[in-house]
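Overview (structure and organization)
Chain by chain, the residues run as shown.
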Amino acid sequence: MAVLAHALPAGAGLSPFFKAASIAIVGASEDITKIGGRPVHMLIKHGYAGAVYPINPKGGVIQGLPAYASVRDTPTAPELAILAVPASATPAALRDCAARGTKAAIVLSAGFTEAGPAGAALQAELVAIAREHGMRVLGPNCLGAVNVADRLIGSFSIALEEHMPPAGHAGIVSQSGNVGSHTMQSVARRGMGVSRFIATGNEADVDVADGIAALADDPDTRIILCCMETCRDAAKLISALQRARELGKPVIVLKIGSTEKGQQAAASHTGALTGSDAVIDAVFRRHGVLRVRSVEALIDIGHAASLLMPNRLPRNDAVTLVAASGGFSIMMADAMSEAGMALPALAPLTQQRILDAVPTASTGNPVDASAQMSSRPDILGKMLTALLEDPSDSALVLFMSLSLYNTRLRGIYLEALAQVRVSHPDRLLMIISQGPADAIAQINALGIPVFSSIDAAATGLAGLVRLGQLRAEKTHQRALPAAEPVDPIVFQNEFHAKQALGNVGIDVPHEVIAGDADAAVRAADAIGYPVVLKIASEDVAHKTEAGGVMLNVANAQAVRDAHARILANVARHAPAARIDGVLVAPMLQGGTEMIAGVSQDPVFGPIVMVGMGGIYAEVLNDVAVQAAPVTEDEALAMIRSLKMFPILDGARGQAKADIAAAARSVARLSEFAFRHRDDVSDIDMNPILVRPQGQGVVVLDALMIPRAAPAL
């Protein structure tokens, strides 16, 4: 079931999940292999300092602690309750907690929405109880929450059975318990400390946005790693991401799966081209989030960023590569180039300093320094110093192969790295090495990230560059316009759709709807030949397929002939179509075709899209999307991100297109769509003729589709 809307801001009321001074485990068990036994066992084993109240109808003693038949019998009201009873018994248990004054509950049990309608009804009952009593509920069907420093464990995760992760500054929030637990274990194996962990499960109440906001406000958390399957509340997620950005805490998200669009995409080109996964990608970019595509990248980049924060993230996309092997140098160059990194040439002074240190080295980028570079620490230090002081301000990546497994080479590398870290504390140096683990830990302790492979290093460095760029970008926060009704006439035909767009400053051609052939000739004479004739009908969305468009109509007789053919074609294609007339428009040429439009995302609302016209948008999937409204700067960035942007930018001597005018039109379209979001589902502006620089744009065709009335 969808989370029930309520007025609490993101992260509100989550403190008991991490800071509770007393915890009740309802359904507690003596058997530490059971879900009700593991939280009790781990709280005791790992030294939680607060009161632990096992709750079991039999009472007695559980794992050495006094047990209580009901939470109503505990010496003090527990601040947090962990519910590990069957789904059918959970509402009653939650009511007992509410009556006792408990402010938060973790529901570990499964058997709710994921189990079908009966389970969904039970989940709805939990939400109703929570709302009535001002409680926050985590789950159900979740892996709970952990505060590592305080040893507060509201979870049954096997990752915590034997060892706690080291306390540190990485916060983890995950909708999937297993993915989140795997991430916590992997982070711990890297020696990266964890601050807090929260897994949200079914998200009846607390969702991933709450988790991000809570971690953003946590003073022990410096970086947030998130595993997300879907977003249930766009406004709350955006608020949480803004909070993290304001507090300078990077958010790295592994987004898995894609949400199903709540509309028929075939109704418009825009609907077919704006997928929910692309939308969440765009929202992440806008709010400074780095999206990664694998758990490995989440951990690699998260670990590296934690070592580099706050001042040593890459300052540009340039990288200098160095290895003792020509073959590995080439492999590094290939991987870095494919990841979008630039390999600048080294300055002449840098090249000379390399040769002074290692006469046999090549001085290109990558640098093939030969085995001589690691013969002594001072030689390696001189070469690395020269590269770190190159005016390109590049990141420096050193390939070590298996050198750290050799005792002599290990000593040389570690001594040289320690020296350059002290002499150049603010420069970004990365290592590629497979171990051993204790040597990697020593290098990490110097604040130097280590990646296990060339490909991982390339992906990681590109991610760090993007993270640095996202953190540096200005936020676009502005007052959003209130929703306004739109005149339903905009849905009637192309003419009225374009008139509405023209009224908000989007350039459209002068056109006339002709009721008969004589009126069409008069309109064409006034507009000037050649002209275009198009059917005007709210029942014919795709006019070309219906034979409802005639181009390059050159004279009055041709207008009469075209008028007759259009009506005959449409009568065959759609006999019941309502015909408003035939649109007469100028035949405009000279420019590059683009497409722009808006569709409704079921979570994020109006989404604006822009792409190249003709076949390119659909065949090459060359489009950019963003949640509406967008500023002109954002629209310009969208256009510049297109694969075929060079065509607009004057490739091969062509005239540069008026991309500023195109961006202005996209921004105005997005504002129109956002203002009329309650009435308008989709808008297509296709094609848009983008003329040479300084000559503007004109929308040649437009379509607006109304939102469907809500089901009763």
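Residues numbered from 1 in each chain as written. Predicted model: local features only at pLDDT ≥ 70, side-chain atom pairs only at ≥ 80, totals over all residues. Heavy atoms only, no water.

**Section: the sheet that holds strand β14 (residues 289-292)**
The mixed open sheet is built from seven strands, whose spatial order is β9-β8-β11-β10-β12-β13-β14. Strands at the two margins of the open sheet, each flanked by one partner only, are β9 (152-154) and β14. If you compare each strand with its neighbour and ignore which way they point, the axes differ by 15 degrees on average. Bridging between strand β8 (residues 144-147) and β9 involves three bridges; their strand directions are antiparallel. Looking at the pairing, Ala145 lines up with Gly154 of β9. (Pairing = 2+ DSSP bridges. Helix = DSSP H or I, 4+ residues; strand = E, 2+ residues; numbered from the N terminus. Axes fitted to C-alpha atoms, helices over the stretch in contact; angles between N-to-C directions.)

**A few points about helix α19 (residues 556-573)**
For α19, spanning 18 residues, the distance from its first C-alpha to its last is 26 Å, which sits close to the expected 26 Å at 1.5 Å a residue. Of all the positions in α19, only Val559, Ala562, His563, Ile566, Asn569 and Val570 are classed as buried. Buried residues along α19 cover an arc of 140 degrees about the axis, so they all sit on one side. For α19, the secondary structure elements touched by its buried residues are α18 (517-527), β21 (531-536), β22 (549-553) and β23 (581-586). Measuring from the backbone nitrogen of Gln557 back to the side-chain oxygen at the start of α19 gives 3.2 Å, which picks out Asn555 as the cap. (Expected span 1.5 Å × (residues − 1). Buried < 20%, exposed > 50% of the residue type's maximum accessible area, 1.4 Å probe, protein only. Arc of directions from axis to C-beta. Contact = heavy atoms within 4.5 Å. Polar contact = N/O pair within 3.5 Å; in protein donor to acceptor, adjacent residues only side chain to side chain.)

**Section: the packing of helix α6 (residues 208-217) against helix α7 (residues 234-246)**
Axis separation between α6 and α7 bottoms out at 8 Å; the angle between their running directions is 20 degrees. By the angle between their directions, the pair α6 and α7 is classed as roughly parallel. With respect to the hand of their crossing, α6 and α7 are arranged in left-handed fashion. Counted together, Ala209, Asp210, Ile212, Ala213, Ala216 and Asp217 of α6 and Lys236, Leu237, Ala240, Leu241, Arg243 and Ala244 of α7 form the full contact between these two elements. In the contact of α6 with α7, the residues fall into eight nonpolar, no polar and four charged. (Parallel < 35°, antiparallel > 145°, perpendicular 65-115°, else oblique. Left-handed = near helix turned anticlockwise from the far one by under 90°. Nonpolar A, V, L, I, M, F, W, Y, C, P; charged D, E, K, R; others polar.)

**Concerning the pairing of strand β17 (residues 395-401)**
Burial analysis of β17 places six of its seven residues in the buried class, the great majority of the element. With five bridges joining them, β17 and strand β18 (residues 429-433) adopt parallel strand pairing. The residue bridging Phe399 from the neighbouring strand is Ile432, located in β18. After leaving β17, the chain enters helix α14 (residues 407-423) and then returns to the sheet as β18, a path that is right-handed. (Right-handed = clockwise from strand over helix to strand, strands pointing away.)

**Comments concerning the nonpolar core**
The tendency in soluble globular proteins is for nonpolar side chains to be buried side by side. Core analysis: the largest hydrophobic core is formed by 115 residues, its most contacted members being Phe17 and Leu461. The element that contributes the greatest number of residues to this core is helix α16 (residues 454-472), accounting for ten residues. In this structure, Phe17 is in contact with Leu80, Ala104, Ala105, Ile106, Arg136, Val137, Leu138, Ala145, Leu152 and Val206, ignoring residues within four places of it in sequence. Among the nonpolar cores identified, the runner-up in size contains 40 residues, and Val490, Ile659, Met685 and Val697 belong to it. (Core = buried A, V, L, I, M, F, W, Y, C linked by side-chain atoms within 4.5 Å.)

**Some points on the pattern of salt bridges**
For side chains of opposite charge, pairing can occur when their charged atoms come near one another. Under the definition given, this model contains 33 salt bridges. A salt bridge links Asp300 to Arg190; the shortest N-O distance between them is 2.3 Å. Residue Asp300 is found in helix α10 (residues 295-308), and its partner Arg190 is found in the loop between α5 (177-189) and β11 (194-199); the two are separated by 110 residues along the sequence. In this structure, Arg291 engages Asp281 in a salt bridge whose closest nitrogen and oxygen atoms are separated by 3.4 Å. Pair noted here: Arg291 is in strand β14 and Asp281 is in helix α9 (residues 276-286), with a separation of ten residues, a long-range link. Pair check on accessibility: Arg291 and Asp281 agree, each one buried. One network of salt bridges, with partners in common, ties together Arg131, Arg136, Asp205, Asp207, Asp210 and Lys236. (Salt bridge = Lys/Arg side-chain N within 4 Å of Asp/Glu carboxyl O.)

**Details of α5**
Helix length check: α5 (13 residues) gives 18 Å between terminal C-alpha atoms against 18 Å at 1.5 Å per residue, within 8%. For α5, every residue scored as buried is listed here: Gly177, Gly180, Ser181, Thr183, Met184, Ser186 and Val187. By the N-cap criterion, in which a side-chain oxygen at the helix start approaches the backbone nitrogen of a residue two or three places on, α5 is capped by Ser176, the distance to Val179 being 3.2 Å. In the stretch just after α5, Gly191 is the one whose phi turns positive, near 80 degrees.

**Observations concerning the sheet that holds β21**
Within the open sheet, the four strands sit side by side as β20-β23-β21-β22. Their pairing is antiparallel. With one partner strand each, in any of the chains shown, β20 (512-514) and β22 form the two edges of the open sheet. Looking at each pair of strands side by side, their axes are set apart by 25 degrees on average, direction ignored. Relative to β22, β21 runs antiparallel, the two sharing three bridges. Bridging from a neighbouring strand, Val531 pairs with Val553 of β22. The sheet strands contacting α18 are β20, β21 and β23, and the helix crosses β23 at an angle near 15 degrees. Each of β21, β22 and β23 touches α19; the most contacted strand, β21, lies at about 25 degrees to it.

**A short note on the packing of aromatic side chains**
Scanning the model with the defined rule gives two aromatic pairs in all. Both rings, one in Tyr53 and one in Tyr68, keep their centres 5.9 Å apart while their planes meet at 90 degrees; by these two values the pair is edge-to-face. Linking Tyr53 in strand β2 (residues 51-55) with Tyr68 in the loop between β4 (65-66) and β5 (80-83), this pair joins segments that are 15 residues apart in sequence. Using a relative accessible area of 8% as the deciding quantity, one classes Tyr53 as buried. Using a relative accessible area of 18% as the deciding quantity, one classes Tyr68 as buried. Across from the ring centre of Phe674, 4.1 Å away, lies the NZ or CZ of Arg677, which sits over that ring. (Phe/Tyr/Trp six-rings, centres within 6.5 Å; stacked < 30°, edge-to-face > 60°. Lys NZ or Arg CZ within 6 Å of the ring centre and 35° of its normal.)

**Describing the environment of Gln352**
You can see Gln352 is positioned in helix α12 (residues 348-357). Classification of Gln352 as partly exposed rests on a relative accessible area of 42%.

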